[in-house]
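# Overview (structure and organization)
Here are the chains, one letter per residue:
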Amino acid sequence: MSRIGRMPIAVPAGVTVEIAENNKVTVKGPKGTLERVLPSEMEIKQEAGEILVSRPNDLKKMKSLHGLTRTLINNMVMGVTQGYEKKLEVNGVGYRAAKAGKKLTLSLGYSHPVEMEDPEGIETVLEGQNVIIVKGIDKEKVGQFAAEIRDKRRPEPYKGKGIKYADEVIRRKVGKTGKK
């Protein structure tokens with residue numbers, strides 16, 4: 001049995017979970033509403049403030065979908081209660097971020113400023129000029145937008161310039177040395 005798939009998902013107070021046909025799960029909470037269509041082979045039941053996911057048989061595909069389905073529902077419940085956030089750091093001389101309305105403007109050493117619009121349901125917050133926090137209730141969207149911001153100038157290994165995640169460790173390399 002899948003160790004993750006078997007675990008029940010506790011539904012906190014103030015959160016409602018609706019399971020429609022074709023496993024369309026809607027989770028409403030204090031921070032908002034998320035809905036997602038999950039694999040129809042999985043059986044999702046709600047009992048006494050808990051959600052249980054079970055699989056029909058032990059085929060390899062079903063085993064892999066079991067844990068995934070449970071984790072996706074859990075991420076939705078966590079999202080509408082606590083929300084998700086990712087921290088990005090902008091490192092480098094003259095590299096900075098600015099925010100105007102829903103527009104994030106990044107100066108990253110290119111000949112032009114890079115402008116990015118906050119997508120639906122995602123909010124970016126600046127701490128100083130070089131820390132960007134991406135917040136939202138959908139874990140997937142938060143991670144995707146954070147990755148898109150990072151892609152504008154990935155950290156390089158010699159000086160460590162670029163945009164990196166706050167918890168990311170950049171492997172530094174030694175630069176070339178001159179002739180003797």
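Before any of the text, the structure's been laid out above.
Anyway, here's the lowdown on the structure attached to this text.

Cut-offs used in this document
Throughout, residues of each chain are indexed from 1 in the direction in which the sequence is written. Residues qualify for local features only when their pLDDT is at least 70, as the model is predicted, and side-chain atom pairs are given and counted only at 80 or more; totals for whole chains, interfaces and linings, by contrast, use all residues. In computing side-chain values, all of the structure's heavy atoms are included and hydrogens and water are not. For two strands to pair, DSSP has to find at least two bridges joining them. Runs of H or I in DSSP of at least four residues are treated as helices and runs of E of at least two as strands, each being numbered from the N terminus. Contact between two residues is taken to exist if any of their heavy atoms lie within 4.5 Å; hydrogens are not considered. Axis lines are fitted through C-alpha atoms, for helices just across the contact stretch, and the angle between N-to-C directions can take any value from 0 to 180 degrees.

If you walk across this open sheet you meet the three strands as β1-β6-β5, and the pairing is antiparallel. Each end of this open sheet is capped by a strand with a single partner; those strands are β1 (9-10) and β5 (43-47). For β1 and strand β6 (residues 50-54), the ladder comprises two bridges, and the chain directions are antiparallel. Of the residues in β6, the one forming a bridge with Ala-10 is Glu-50. Packed onto the sheet, helix α2 (residues 60-81) meets β1, β5 and β6 and runs at close to 160 degrees relative to β6.

Another aspect to go through is the side chain of Asn-75. With respect to the element layout, Asn-75 can be found in helix α2. Asn-75 has contacts with Tyr-84 and Lys-139, leaving out every residue within four places of it along the chain.

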